[in-house]
Amino acid sequence: MSKDKVQIFDTTLRDGEQVPGCKLDAGQKLVIAERLDQLGVDIIEAGFPISSPGDFKSVSQISELVKNATVCGLTRAVKKDIEVAAQALKLAKKPRIHTGIGTSDSHIKYKFNSNRDAIIERAVSAVSYAKTFVEDVEFYAEDAGRTDNEFLAKICEAVVKAGATVLNIPDTTGYCLPEEYGAKMKYLKENVTGIHKATLSCHCHNDLGLATANSIAGVINGARQIECTINGIGERAGNTALEEVVMILRQHPDLNLDTNINSKLLYDTSRMVSEKMGMIVQPNKAIVGANAFAHSSGIHQDGVIKNRETYEIIDPVDVGVNESSIVLTARSGRAALAYRAKIVGYELTKKQLDVVYQEFLKFADEHKEISDNDIPKIIETSKLKIESVSQ
Ligand code: KIV
Ligand code: ZN
């Protein structure tokens, strides 16, 4: 049975670039956009054109450059924003305007000093106006995570009627629990008249570490687009990590959902974004962290050496990492030492291994990690003992 496609909407260059200190120049943005296109993302959110002349310019340049993906520009529900975004997207093969407004009571009261009916009116006029420039218009209901479902359904219905092709349901503050976010999608699917004319989209922030779980709950409950960033970068605690949602769907064929992403480019793309933004990837980051395929405890190493699948659910090659690594530390066992010693040219008998292992432990207690260069030194130190054992 063919799987349902989940569209991947990458916002590394918009929500991701809002990270303090991670500003990219126009050239860097172009290189990343080109890579995202090769990676197979369906939509690239290239920027917020009215926010600065530089952002306008890079959205225009990305629009001209990108061959396959839809290129999207963000706007507020403001006429001038929409005009400027349309202008910046003029050369895009597939342009999309992403417009919207805050819909939670807190946003309506404190940001807009307004009321629900007036917010619906502004949303509808923004979508209708954007439709005069492009066919593909995505509407975001900012702070949808804390918006009451009945009102959310009402505003979604109104903007679909006005021609919105995608309904973005952001959990802007990262507040929702997965069950709650999933139930929100289900509610919209079941209560918005005309919902079949639009795609529901997950846009989750990671303030409680739930962005990925919430996005997955969203697609299980009917959404068919996930908004995410490479390495999960973004405002505050970040956005949903692209590499995580892509690999979750790959590792769970039972969900019957997949994306167009070429997963073999994930690791390389992660490093490229990290390097260009000057933002390190935490070593224990799922899928792309330096330790994601590294094994250091004796029990795990023994298992992985016998069969990789004992402690790995993903083949590292599938995400562009050459191989799993067996890292030698004071927690490593004989199997790992013998394995790495063999790689650097020493085939140890069982008795030799027993002796070298004692030297290895002494050395390991004094050093955080033992490199391949240390192994000959350790064997050298044990040499006499090895010979006496071998006699
Ligand atoms: O988090 C959010 O609500 C957003 C919108 C502007 C789409 O980034
Ligand atoms: Zn966001």
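See the structure printed just above.
Summarised in this report is the structure supplied together with it. Everything quoted here is computed from the prediction, not taken from an experiment.

1. Focus on the pairing of strand β4 (residues 70-74)
The element β4 is extensively covered by neighbouring structure, given that five of its five residues are classed as buried. Residues Thr70, Cys72 and Leu74 of β4 are buried on one face, and the alternating residues Val71 and Gly73, pointing to the opposite face, are buried as well. For the handedness criterion, the β-α-β arrangement of strand β3 (residues 43-47), helix α2 (residues 53-65) and β4 is classed as right-handed. In the sheet, β4 pairs with strand β5 (residues 95-102) via four bridges, with the strands oriented parallel. Bridged to Cys72 within β5 is Arg96. A crossover links β4 with its parallel partner β5, the connecting element being helix α3 (residues 79-88), and its sense is right-handed.

2. What to know about the coordination of the zinc ion (ligand 2)
Looking at the zinc ion (ligand 2), the protein donor atoms are Asp15 (OD), His203 (NE2) and His205 (NE2), and they sit 2.0 to 2.1 Å from it. Mapped onto the sequence, the residues coordinating the zinc ion (ligand 2) show the spacing D-x187-H-x1-H. Residue Asp15 is located in the loop between β2 (7-10) and α1 (26-39), and its partner His203 is located in strand β8 (residues 199-204); the two are separated by 188 residues in the primary sequence. Taking relative accessible area as the criterion, Asp15 reaches 3% and is therefore assigned buried. We classify His203 as buried; its relative accessible area is 4%.

3. Description of the nonpolar core
Ranked by internal contacts, the top residues of the largest apolar core, which has 86 residues, are Ile8, Phe139, Leu167, Ile169 and Leu242. For this core, the element with the most residues is helix α6 (residues 149-161), which contributes eight residues. Two domains share this core, each providing at least three of its residues, namely domain 1 (4-277) and domain 2 (294-390). Ignoring anything within four residues of it in the chain, the contact list for Ile8 reads Val41, Asp42, Ile43, Ile226, Cys228, Leu242, Val245, Val246, Thr259 and Ile261. Ala330, Ala336, Tyr357 and Phe360 belong to the second largest nonpolar core, which has 18 residues in total.

4. Notes on the packing of helix α8 (residues 211-220) against helix α9 (residues 242-251)
Relative to each other, α8 and α9 sit at 50 degrees, their axes nearing to 10 Å. Accordingly, the angle class assigned to the pair α8 and α9 is oblique. In this structure, α8 crosses over α9, and the sense of that crossing is right-handed. Residues Thr212, Ser215, Ile216 and Val219 of α8 pack against Glu244, Val245, Ile248 and Leu249 of α9. Considered class by class, the residues forming the contact of α8 with α9 number five nonpolar, two polar and one charged.

5. Some words on the site of ligand 1
Within the structure, ligand 1 sits among Arg14, Asp15, His98, Tyr140, Glu142, Asn168, Pro170, Thr172, His203 and His205. A distance of 3.1 Å separates an oxygen atom of ligand 1 from a polar atom in the side chain of His203. Side-chain polar atom of His205 to an oxygen atom of ligand 1: 3.0 Å apart, as the coordinates give it. Against a free-state accessible area of 260 Å², the protein chains account for coverage of 93% of ligand 1. Breaking the shell around ligand 1 down by element, the ones donating at least two residues are β6 (136-142) and β7 (166-171).

6. Structural notes on the side chain of Thr165
Along the chain, Thr165 falls in the loop between α6 and β7. The exposure class of Thr165 is buried, given its relative accessible area of 19%. Only 2.7 Å separates the side chain of Thr165 from the side chain of Asp136, close enough to count as a polar contact. Apart from residues no more than four positions distant in its own chain, Thr165 is found in contact with Lys131, Glu135, Asp136, Val137, Glu138, Lys197, Ala198 and Thr199.

Conventions and cut-offs
Residues numbered from 1 in each chain as written. Chains lettered and ligands numbered in written order. Predicted model: local features only at pLDDT ≥ 70, side-chain atom pairs only at ≥ 80, totals over all residues. Heavy atoms only, no water. Buried < 20%, exposed > 50% of the residue type's maximum accessible area, 1.4 Å probe, protein only. Helix = DSSP H or I, 4+ residues; strand = E, 2+ residues; numbered from the N terminus. Right-handed = clockwise from strand over helix to strand, strands pointing away. Pairing = 2+ DSSP bridges. Donors = N, O, S within 2.8 Å, 3.2 Å for Na, K, Ca; no water. Core = buried A, V, L, I, M, F, W, Y, C linked by side-chain atoms within 4.5 Å. Domains from an automatic or database assignment. Contact = heavy atoms within 4.5 Å. Axes fitted to C-alpha atoms, helices over the stretch in contact; angles between N-to-C directions. Parallel < 35°, antiparallel > 145°, perpendicular 65-115°, else oblique. Left-handed = near helix turned anticlockwise from the far one by under 90°. Nonpolar A, V, L, I, M, F, W, Y, C, P; charged D, E, K, R; others polar. Near = heavy atom within 4 Å. Polar contact = N/O pair within 3.5 Å; in protein donor to acceptor, adjacent residues only side chain to side chain. Areas by Shrake-Rupley, 256 points an atom, 1.4 Å probe, with all protein chains shown as cover.

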